[in-house]
Amino acid sequence: MSYFDLLIRNGTVATAADTFQADVAVKDGRVVALGENLGTADHEIDASGKLVLPGGVEGHCHIEQISSSGIMTADDFYSGTVSAVFGGTTTVIPFAAQQKGASLRQTVEDYHACAGPKAVIDYGFHLIISDPSDQVIGQELPALIRDGFTSFKVYMTYDDLRLDDYQMLEVLSAARRNGAMVMVHAENHDMIRWLSQKLLDANHWQPQYHAVSHSRAGEGEAAHRAIALSRLMDQPILVVHVSSEEAMDEIRLAQNKGLKIFAETCPQYLFLTAEDLHRDGMDGAMFCCSPPPRGAADQAAMWRGLANGTFSIFSSDHAPYRFDDSGKLKAGPEPTFKQIANGVPGIELRLPLLFSEGVGKGRIDLNRFVALTATNVAKLYGLSPRKGTIAVGSDADIAIWDPDLEQTIDHAMLHDDVGYTPYAGIKIKGWPTTVLSRGRVVVADGALHGSRGDGQFLARAVSEAAAPLGRLEPEMDPARNFGADLLGR
Ligand code: URP
Ligand code: ZN
Ligand code: ZN
């Protein structure tokens, strides 16, 4: 019997800060030592020629969630987490999505009941708030934040989800009082509504018009407005799934002024374009997501933003719908672009795509890759230092990568229940061949070793990133204009 449970030997370890040669020792599910000549262990993994990276933390995915138009995602908590872990992700934070009129607490209980028996890896939940009633804002949300649901998403578009600016201010002030990160889906609702109606009036109903109706200008305007609301309330926000240079420029400008505006982009904005929505017949529906993929200039802008720090995190926004009458074609064989479920799958390919085209092609370095896909996600969402890094005391959630493994993407190599991948045909180099969750091997050489229900629920802390700057606008000065309890902390 050795002191350590596991030793990962001879690998190259990379964190968000450094890359170095070290053995990694694991005991009771945690990293307990990094160094040379650490002794012996009950089990050993030889990582010669391999990269030893923190398991990915997926900060944006929709699993076993019913869309606002009533369509169930293809992946449940089993297939969704299996797919994630085969792609090197060891923690997921999907959504517990409130339907209008529903209690937020009951919503969370329902998602717990789905995830608990099925998740193969650890998970937390962001909340989606679609109905910020007095009960939700005053009672349920503060209690749930205290219970570890320390982030929530709000939408500026979608008929059944959108909040108006007044409601946005209500949730931002609740986040400020109670301590939570606010994720914002920023698109101008009426610009989408008007463009969609005019396109349909002109009999332009095919999938490609989805991209026309979700304009860059509308994304930029909503990002600007969300930033103004955040500034008024002195409450940080994270703008999710940024697709356009317009929106990115608004975010960069705000960051340059010292505002705490965080941002995320996703594989669909690096690897797909609006041209993909023009594919034959209804095939373009497979690429419909919101915001939509754009063009080459926007792709280049997203790469710049990943490299220069405008984006803190890189998420999949895995929103998987099958290309059949249970998913994308639920409204019929030829739905209008308004009837097609929004979203693309990508939870398994998130890391390999960014590794191959980002690190492999020299657009970002390995440490930035780790930061974008794991460390920063854990920090922003209150999971650090337990998740997202390889350090003494952290969970031994580790992905051992073969940086030279070359493959051409095909849906047959993936583990989701979606039936297609929008990334088919792309050649990639690098793949995580062994993946550990809390020191247990979950994936090795293409085989699953984990089981349903192995994943643990993660109650999350309030992240430092969600704390206000303490730089109030003059109009918001509590001493002059308001009582202190309006803004809380
Ligand atoms: O098209 C997308 N992104 N669907 C998922 C829902 C969302 O807005 O993230
Ligand atoms: Zn969204
Ligand atoms: Zn999403």
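The shown structure was predicted, so the numbers you read here are calculated from the model rather than taken from an experiment. (Residues numbered from 1 in each chain as written. Chains lettered and ligands numbered in written order. Predicted model: local features only at pLDDT ≥ 70, side-chain atom pairs only at ≥ 80, totals over all residues. Heavy atoms only, no water.)

Peer 1: Even after reading the chapter, I still don't get the state of the cysteines, so can you show me in this structure?
Peer 2: Here a disulfide denotes a covalent bond joining the sulfur atom of one cysteine to the sulfur atom of another. Following the criterion strictly, the structure yields zero disulfides and no others. Here Cys266 stays free of any disulfide, with the sulfur of Cys289 as its closest cysteine sulfur at 8.2 Å. The exposure class assigned to Cys266 is buried, which follows from its relative accessible area of 0%. Unpaired in this structure, Cys288 has its nearest cysteine sulfur neighbour in Cys289, at a distance of 7.7 Å. (Disulfide = S-S within 2.5 Å. Buried < 20%, exposed > 50% of the residue type's maximum accessible area, 1.4 Å probe, protein only.)

Peer 1: Hey, could you run me through helix 4 (residues 165-178) in this one?
Peer 2: Since one α-helical turn is 3.6 residues long, residues separated by three or four positions face the same way. For helix 4, which comprises 14 residues, the first-to-last C-alpha distance of 20 Å matches the rise-based estimate of 20 Å (1.5 Å per residue) to within 8%. All of the buried residues along helix 4 are Met168, Val171, Leu172, Ser173, Ala174, Ala175 and Arg176. Residues of helix 4 that are buried sit in contact with helix 3 (134-146), strand 12 (151-155), strand 13 (181-185), helix 7 (216-233) and strand 14 (237-239). The N-terminus of helix 4 is capped by Asp164, whose side-chain oxygen sits 3.2 Å from the backbone nitrogen of Tyr166. With its phi angle positive at about 85°, Gly179 sits one or two positions after the end of helix 4. (Helix = DSSP H or I, 4+ residues; strand = E, 2+ residues; numbered from the N terminus. Expected span 1.5 Å × (residues − 1). Contact = heavy atoms within 4.5 Å. Polar contact = N/O pair within 3.5 Å; in protein donor to acceptor, adjacent residues only side chain to side chain.)

Peer 1: Hey, could you run me through the sheet that holds strand 5 (residues 30-35) in this one?
Peer 2: The four strands lie next to each other as 5-4-1-6, forming an open sheet whose pairing is mixed. Edge strands, defined here as strands with exactly one partner in the open sheet, are strand 5 and strand 6 (41-46). Neighbouring strand axes in the sheet, compared pairwise and without regard to direction, differ in orientation by 20° on average. (Pairing = 2+ DSSP bridges. Axes fitted to C-alpha atoms, helices over the stretch in contact; angles between N-to-C directions.)

Peer 1: Any chance you could explain the coordination of the zinc ion (ligand 3) here in plain terms?
Peer 2: Note on metal sites: the ideal angle is 109.5 degrees for four tetrahedral donors, and 90 or 180 degrees for six octahedral donors. Around the zinc ion (ligand 3), the protein supplies His60 (NE2), His62 (NE2) and Asp317 (OD) as donor atoms, at distances of 1.9 to 2.1 Å. With four donor atoms in place around the zinc ion (ligand 3) and angles of 87 to 125° between them, the coordination shape is tetrahedral. Each donor residue of the zinc ion (ligand 3) belongs to the same chain, with the gaps between them written as H-x1-H-x254-D. Between the zinc ion (ligand 3) and the zinc ion (ligand 2), a separation of 4.0 Å is found. Placement of His60 in strand 8 (residues 56-61) and of Asp317 in the loop between strand 16 (313-314) and helix 11 (350-359) is noted, with a sequence separation of 257 residues between them. With a relative accessible area of 0%, His60 lands in the buried category. (Donors = N, O, S within 2.8 Å, 3.2 Å for Na, K, Ca; no water. Tetrahedral: all angles 85-135°; square planar, octahedral: opposite > 155°, others 65-115°.)

Peer 1: What's the story with the site of ligand 1 in this structure? I'm lost.
Peer 2: Within the structure, ligand 1 sits among 13 residues, and Lys153, His185, Ser290, Asp317 and Asn342 are positioned closest to it. Side-chain polar atom of His62 to an oxygen atom of ligand 1: 3.2 Å apart, as the coordinates give it. Within the backbone of Asn342, a nitrogen or oxygen atom sits 3.1 Å from a nitrogen atom of ligand 1. Protein coverage of the free-state accessible area of ligand 1, which is 270 Å², stands at 95%. Of the residues contributing to the shell around ligand 1, the split by class is four nonpolar, seven polar and two charged. (Near = heavy atom within 4 Å. Areas by Shrake-Rupley, 256 points an atom, 1.4 Å probe, with all protein chains shown as cover. Nonpolar A, V, L, I, M, F, W, Y, C, P; charged D, E, K, R; others polar.)

Peer 1: When you look at the packing of aromatic side chains in this model, what are you seeing that I'm missing?
Peer 2: Pairs of aromatic rings are described using the distance from one ring centre to the other and the angle between the two planes. Scanning the model with the defined rule gives 13 aromatic pairs in all. Ring centres of Phe271 and Tyr423 lie 6.4 Å apart, and the angle between their planes is 90°; on these two criteria the pair is classed as edge-to-face. Of this pair, Phe271 sits in helix 9 (residues 268-271) while Tyr423 sits in the loop between strand 17 (398-408) and strand 18 (427-437), and the two are 152 residues apart along the sequence. The exposure classification of Phe271 matches that of Tyr423, with both residues buried. Connected via pairs of aromatic rings, a cluster forms that spans Phe77, Tyr111, Tyr123, Phe125, Phe149 and Phe457. Sitting over the face of the ring of Trp303, Arg363 holds its NZ or CZ atom 4.5 Å from the ring centroid. (Phe/Tyr/Trp six-rings, centres within 6.5 Å; stacked < 30°, edge-to-face > 60°. Lys NZ or Arg CZ within 6 Å of the ring centre and 35° of its normal.)

Peer 1: So what exactly am I meant to see when it comes to the sheet that holds strand 18 here?
Peer 2: By way of backbone hydrogen bonds, the strands of a sheet pair with one another, either parallel or antiparallel. Read across the sheet, seven strands follow the order 3-2-7-17-18-19-20 without closing on themselves; strand pairing throughout is mixed. Edge strands, defined here as strands with exactly one partner in the open sheet, are strand 3 (19-21) and strand 20 (447-448). Bridge count between strand 7 (residues 51-54) and strand 17: four bridges; the pairing is antiparallel. Looking at the pairing, Val52 lines up with Ile400 of strand 17. The strands touched by helix 11 within the sheet are strand 7, strand 17 and strand 18, with strand 18 carrying the most contacts at an inclination of about 130°. Lying on the sheet, helix 12 (residues 366-380) is in contact with strand 2 (12-14), strand 3, strand 7 and strand 17; it crosses strand 7 at an angle near 35°.

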